[in-house]
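Single-letter residue listing:
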Amino acid sequence: MNTGPAATNSPAATPAPTSANSAVATTATAIVNIASLVTNDPSLGDGTPLGLIQDAAVVIDGDRVVWVGESSKAPATDNRVDAAGRAVIPGFVDSHSHLVFAGDRTAEFHARMSGQPYKAGGIRTTVAATRAATDAELSANVAHYMAEALRQGTTTFETKSGYGLTVEDEARALRIAAEHTDEVTYLGAHIVSPDYADDPAAYVDLVTGPMLDACAPHARWIDVFCEKGAFDGDQARAILTAGQAKGLAPRIHANQLSYGPGVQLAVELGAASADHCTHLTDTDVDALASGDTVATLLPGAEFSTRAQWPDARRLVDAGVTVALSTDCNPGSSFTSSVPFCVALAVRDMRMTPDEALWSATAGGAAALRRTDIGRIAVGARADLVLLDAPSHVHLAYRPGVPLVAQVWRTGVRVA
């Protein structure tokens, strides 16, 4: 698997790493008796991209990992946690979700499972419910779904606006999202607002003008749904380049429902990720392989819409960096479970268990251009998941089983 493009840390400063051989403060915490430790550092353990260490230990000091190695060699610390033969993996990095919304779309899902196809226009139902909700209701929803995901091992969340589609509603969605995560994406270009159904060009002007001005201070990223029924290539280019001029980094919903210009545009603009990537030409795959744009695959969407699966095997074999994410949203992928998406990727997208886990951790970090998460190595943020299993392979081997026994985020056990 591709071990990912060059990345940057999050806006928060990362302390200088402590050498794995240096003294460790006795106030640190050692997690010992780990059956199998996934570090995502190929310089460690078995030398594979997962950097597997058997019978391992991890030492945490503050919010950082300060030591990894064999359990028998773990330095003395005041605090010790017995993993009791469990596997330990990095916290999942969910680099694509839509959590600022109200209501659900049960009726749409029921209709779709009864034979009606998925269309982008269903988003309008959520737009109406979101506009009608209070700030407190929207914030409570974000907190609820993030807590749900955290219990399943997700320690880093990206989330987007996109269900307001007015200047005021998009800006408040981003303000609310920023209360819960640093990885906030402006998606005023989710669909053309129903208020501008007869004048899409005027809506693009709004998205790239007053709406962008109001939203940019609250976001790190800008996104656009480049798809039939949403925004074409020229509109998407105008939206993303306007965002870049305001200091927002681009990412893009690309090639989900049909072949189109989204992937090529993502690579051309240096987008951090092209998300969905279901319908790809050989030229699209070559472009992704030659650039540093991550292909973020969202199998929950294909599961929930009975759509064609992305060909992950084709991308991985071509050397493309692949991320796996939930696309948690009320319309086309109402799941917050990365383990579920890992199982789908292995079963239906032809990824190996190792590739799927790497993509859901280090791949997600690459899609957010982060180096401080998605791995368990000296200097990394102490985000770890203890599985009720001796190996990470059980995530795909035992689909649907709640295998997450403990979750540690920034050095603190949170679940």
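So, here is what we can say about the structure in this document. Computed from a prediction, not measured in an experiment: that's the story for all the values here.

Rules behind the numbers
- Residues numbered from 1 in each chain as written.
- Predicted model: local features only at pLDDT ≥ 70, side-chain atom pairs only at ≥ 80, totals over all residues.
- Heavy atoms only, no water.
- Helix = DSSP H or I, 4+ residues; strand = E, 2+ residues; numbered from the N terminus.
- Rg over C-alpha atoms; globule rule 2.2 N^0.38 Å.
- Contact = heavy atoms within 4.5 Å.
- Areas by Shrake-Rupley, 256 points an atom, 1.4 Å probe, with all protein chains shown as cover.
- Lys, Arg positive; Asp, Glu negative; His and termini not counted.
- Charge placed at Lys NZ, Arg CZ, Asp CG, Glu CD.
- Phe/Tyr/Trp six-rings, centres within 6.5 Å; stacked < 30°, edge-to-face > 60°.
- Buried < 20%, exposed > 50% of the residue type's maximum accessible area, 1.4 Å probe, protein only.
- Disulfide = S-S within 2.5 Å.
- Core = buried A, V, L, I, M, F, W, Y, C linked by side-chain atoms within 4.5 Å.
- Salt bridge = Lys/Arg side-chain N within 4 Å of Asp/Glu carboxyl O.
- Expected span 1.5 Å × (residues − 1).

Side note on the overall build of the protein
Summing up its helical and strand segments, the protein has 14 helices and 17 strands in all. Over its C-alpha trace the protein gives a radius of gyration of 21 Å, about what one expects of a compact globule, namely 22 Å for 415 residues. Structurally, the protein occupies a C-alpha span of about 70 × 40 × 40 Å along its principal axes. Sequence-distant contacts in the protein: of pairs separated by 6 or more residues, those separated by 24 or more amount to 71%. Entry remark: accessible area of the protein is about 15,100 Å², with carbon and sulfur atoms responsible for 51%. Taken together, the 30 basic and 46 acidic charged side chains of the protein have centroids lying 3 Å from each other.

Here we look at the packing of aromatic side chains
Applying the stated criterion across every chain, the model contains seven aromatic pairs. Taking the centre distance of 5.4 Å and the plane angle of 25° together, the rings of phenylalanine 101 and tyrosine 145 count as stacked. With phenylalanine 101 in the loop between strand 6 (92-94) and helix 1 (106-113) and tyrosine 145 in helix 3 (residues 135-151), this pair connects stretches of sequence that are 44 residues apart. With relative accessibility at 14%, the residue tyrosine 145 sits in the buried group. Ring centres 5.5 Å apart and planes at 50° place the aromatic pair tyrosine 196 and tyrosine 203 in the tilted group. Members of the aromatic cluster, each reached through a chain of ring pairs, are Phe101, Tyr145, Tyr163 and Phe334.

Some details on the state of the cysteines
Applying the stated criterion to the full structure yields zero disulfides. The cysteine cysteine 226 is free of any disulfide, with cysteine 277 supplying the nearest cysteine sulfur at 12 Å.

Side note on the environment of alanine 107
With respect to the secondary-structure elements, alanine 107 resides in helix 1. In this structure alanine 107 comes out as exposed when scored by relative accessible area, which is 62%. Here the alpha-carbon distance between alanine 107 and glycine 331, two residues 224 residues apart in the chain, equals 9.9 Å.

A closer look at the nonpolar core
Membership of the largest hydrophobic core comes to 88 residues, with the highest contact counts inside it found for Tyr186, Phe231, Ile252, Leu315 and Leu324. The contact partners of isoleucine 252, leaving out residues within four places of it in the chain, are Asp223, Val224, Cys226, Leu240, Gly262, Leu265, Ala266, Ser273, Ala274 and Asp275. One finds Ile376, Ala382, Leu384 and Trp408 within the second-largest nonpolar core, a separate group that totals 16 residues.

A word on the pattern of salt bridges
Counting across every chain of the model gives 22 salt bridges. Here arginine 64 makes a salt bridge to aspartate 63, at a shortest N to O gap of 3.4 Å. According to the relative accessible area criterion, arginine 64 is buried, its value standing at 10%. Aspartate 63 gets classed as partly exposed once you look at its relative accessible area, which sits at 32%. Ionic pairing is found between arginine 172 and aspartate 169, a salt bridge with its closest N-O pair at 3.1 Å. On the criterion of helical spacing, the pair formed by arginine 172 and aspartate 169 is a turn pair, its members being three residues apart in helix 4 (residues 167-178). Aspartate 169 shares its class with arginine 172; the two are buried. Salt bridges linked by common partners bring Glu183, Arg220, Arg370 and Asp372 together as one network.

Some thoughts on the environment of alanine 318
Relative to the elements of secondary structure, alanine 318 occurs in the loop between helix 11 (312-317) and strand 14 (322-324). Between the C-alpha atom of alanine 318 and that of alanine 289, which follows or precedes it by 29 residues, the distance is 6.3 Å. With sequence-adjacent residues up to four places away left out, alanine 318 is seen in contact with Val285 and Ala289.

Some points on helix 4
Taking 1.5 Å of rise per residue, twelve residues should cover 16 Å, and helix 4 covers 17 Å from first to last C-alpha, within 8% of that figure. Along helix 4, the positions that sit buried rather than exposed are Asp169, Glu170, Ala171, Arg172, Ala173, Leu174, Ile176 and Ala177. Buried residues along helix 4 sit in contact with helix 2 (123-132), helix 3, strand 7 (154-160), strand 8 (183-189) and helix 6 (210-215).

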